[in-house]
Amino acid sequence: MIDFCILGSGLSGSTIANLLRNKYSIQIIEKAKGIGGRSSNKKIGASISFDHGLQYYSPKNGEFKKYLNKLIQKGILKQWEGNHIDFTFKKNLDSNKIIGKKGNNDFNKYLLRNIKKNLGQEIINIIFRKTHWEIISKNNKFKAKNIIITFPFKQSKKLAKKYLSRSFLKLKVKMIPNITLLLKQKIKYKIPISSIKFNNKIIAWASNENSKKRFSSTTNYWTIQTVENYSKKIINKYKKKKNYYSKQIIKEFAQILGFDYKTFKVFKIHGWKYSFSNFKSDKECYWDSKLRIGLCGDWFMGPKAESAWLSANNLYKRIKKNPPKFK
């Protein structure tokens, strides 16, 4: 039987799996067809790709910065060069932008190398059987001695409510949604911009995927992300009117930059219902050695990608200090 079943292959899930792998047998269960969670990379054809979740790593924590630098030396990550424009004119706190060499899920892929992964498994229930956990997906069942959940707060709470402490269940975590649009632009010249941060009622961010130098193309490819208020307004209804909202976002983007909106073609519009949280709790993670259940994620500690990494590292320390208890 597997020692630890980890639900989710995002940054926190990938990190805790990598930390535990030397002592325990590990199995990752992921809802999507690929790994990465909110750092997923969407491929179009053989070479074109979009980072349609996490846009970059900008480390503030010293240990996380050292870790990223090691991955840069190994050729897993790299600096994102070019012109990064900020129309908000705020103090630039994210001047150091680090991305995956092939995609922003390269970090996750590296951490999960040689770890067993079950993809395309949407979890619908978990049951504690004293000797083990039973994890039930829509089309499969898994068993493990321990379980770690790395889903966003609301999903984690819903799945494991009967097994979590009252103090944890009382946490007031507010997850913020985001709408992401993947675009192709039919113009014959390269745009000398890597990214743009906007001060706009609809658009928060635009990334020129060509600037990441992962592929060569005479066509321009953009990832657009919307502001909080707009995302909240349409997150629960955009799927029924994808063309309408896609066109609305494109027209706003084209007008700001002076393009003809007809030069754009939509590849995909995607809603991240639980994109990030500005909340920072008094907890760094969750671990119950008797029930052998743990949780980690960025939402414990803040909105940045490194919050997920730090939460997973803190959970690992908790497990080392207070290992699983078996009757």
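Residues numbered from 1 in each chain as written. Predicted model: local features only at pLDDT ≥ 70, side-chain atom pairs only at ≥ 80, totals over all residues. Heavy atoms only, no water.

Student: Hey, could you go over the pattern of salt bridges for me, with residue numbers and the actual values?
Tutor: Side-chain pairs of opposite charge can arise whenever the charged atoms involved come near each other. Counted under the stated rule, the structure contains 10 salt bridges. Here Glu134 ties to Arg129 by a salt bridge, and the two come within 3.6 Å at their closest N and O atoms. Using a relative accessible area of 11% as the deciding quantity, one classes Glu134 as buried. One salt bridge connects Glu209 with Lys212, and the closest N-O pair in it is separated by 3.0 Å. Taken together, the salt bridges that share partners define one network made up of Asp51, Glu209, Lys212 and Arg214. (Salt bridge = Lys/Arg side-chain N within 4 Å of Asp/Glu carboxyl O. Buried < 20%, exposed > 50% of the residue type's maximum accessible area, 1.4 Å probe, protein only.)

Student: Tell me about the sheet that holds strand β12 (residues 176-185), and please be specific about residues and values.
Tutor: Strands sit in the order β6-β13-β14-β15-β12-β16 across an open sheet of 6 strands; the sheet is mixed. Each edge of the open sheet is held by one strand with a lone partner, namely β6 (84-86) and β16 (264-276). Sheet twist, expressed as the mean angle between neighbouring strand axes with direction ignored, is 15 degrees. Most of the contacts of helix α7 (residues 242-257) go to β16, to which it runs at about 105 degrees, and overall it touches β12, β13 (195-197), β14 (203-208), β15 (220-226) and β16. (Pairing = 2+ DSSP bridges. Helix = DSSP H or I, 4+ residues; strand = E, 2+ residues; numbered from the N terminus. Axes fitted to C-alpha atoms, helices over the stretch in contact; angles between N-to-C directions. Contact = heavy atoms within 4.5 Å.)

Student: An account of helix α4 (residues 153-160) is needed here, citing residue identities and associated values.
Tutor: Of the positions making up α4, those classed as buried are Phe153, Ser156, Leu159 and Ala160. Looking down the long axis of α4, one finds its buried residues gathered within 135 degrees of arc, a one-sided arrangement. Within α4, the exposed residues directed more than 90 degrees away from the buried face are Lys154 and Lys158. Each element contacted by the buried residues of α4 is listed here: β1 (2-7), β9 (123-128), β11 (141-149), α5 (166-169) and β18 (293-295). (Arc of directions from axis to C-beta.)

Student: Pulling in residues and values, what's your account of the side chain of Ser39?
Tutor: When you line up the elements, Ser39 lands in the loop between β2 (26-29) and β3 (41-44). Owing to a relative accessible area of 5%, Ser39 belongs among the buried residues under this scheme. Polar contacts involving the side chain of Ser39 include one to the side chain of Asn108, which spans 3.5 Å. Beyond its immediate stretch of four places on either side in the chain, Ser39 contacts Leu54, Tyr57, Asn104, Asn105 and Asn108. (Polar contact = N/O pair within 3.5 Å; in protein donor to acceptor, adjacent residues only side chain to side chain.)

Student: Requested: an account of the packing of helix α1 (residues 11-20) against helix α8 (residues 305-321), with residues and values cited.
Tutor: In helix packing, the relevant descriptors are the interaxial angle and the interaxial distance, both defined with respect to the helix axes. Following both chains from N to C, one finds α1 and α8 inclined at 35 degrees, their axes separated by 8 Å at the closest point. Note on packing geometry: the crossing formed by α1 with α8 is right-handed. Here Leu11, Ser12, Thr15, Ile16, Leu19 and Leu20 of α1 come into contact with α8, specifically with Ala305, Ala308, Trp309, Ala312, Asn313, Leu315, Tyr316 and Ile319. Across the contact of α1 with α8, the residue classes tally to 11 nonpolar, 3 polar and no charged. (Left-handed = near helix turned anticlockwise from the far one by under 90°. Nonpolar A, V, L, I, M, F, W, Y, C, P; charged D, E, K, R; others polar.)

Student: So what's going on with a nonpolar patch on the surface? Residues and values would help.
Tutor: A grouping of Phe87, Phe89 and Ile256 is seen on the molecular surface, where their side chains present a nonpolar patch of about 320 Å² in accessible area. Look at Ile256 and you get partly exposed, because its relative accessible area is 32%. (Patch = residues over 30% accessible without salt bridge, like charges linked within 9 Å, V, L, I, M, F, W, Y side chains within 5 Å. Areas by Shrake-Rupley, 256 points an atom, 1.4 Å probe, with all protein chains shown as cover.)

Student: Give a description of the environment of Lys117 that names residues and reports values.
Tutor: If you trace the backbone, Lys117 turns up in strand β8 (residues 116-118). Judged by its relative accessible area of 35%, Lys117 falls in the partly exposed class. Lys117 sits 67 residues away from Lys184 along the chain, and the two C-alpha atoms are 32 Å apart. Dropping the residues within four chain positions of it, Lys117 is found in contact with Ile28, Ile35 and Leu112. Engagement of the side chain of Lys117 in a polar contact is seen with the backbone oxygen of Leu112, the distance being 2.9 Å.

Student: Kindly report on the packing of aromatic side chains, identifying the contributing residues and their values.
Tutor: Per the stated rule, a full pass over the model turns up 29 aromatic pairs. Between Phe168 and Tyr286, the ring centres sit 5.2 Å apart and the planes meet at 55 degrees, which makes this aromatic pair tilted. With Phe168 in helix α5 and Tyr286 in strand β17 (residues 286-288), the pair connects residues that are 118 residues apart, well separated along the chain. As far as burial versus exposure is concerned, Phe168 and Tyr286 are alike and both buried. Seen in terms of ring centroids, Trp299 and Phe300 are 4.1 Å apart; in terms of plane orientation they differ by 20 degrees. Their pairing is stacked. Comparing Trp299 with Phe300, the two get one shared label, buried. One cation-aromatic arrangement involves Lys97 over Tyr56; the distance from NZ or CZ to the ring centre is 5.0 Å. Above the plane of the ring of Tyr244 lies Lys241, whose end atom (NZ or CZ) is 4.5 Å from the centre. (Phe/Tyr/Trp six-rings, centres within 6.5 Å; stacked < 30°, edge-to-face > 60°. Lys NZ or Arg CZ within 6 Å of the ring centre and 35° of its normal.)

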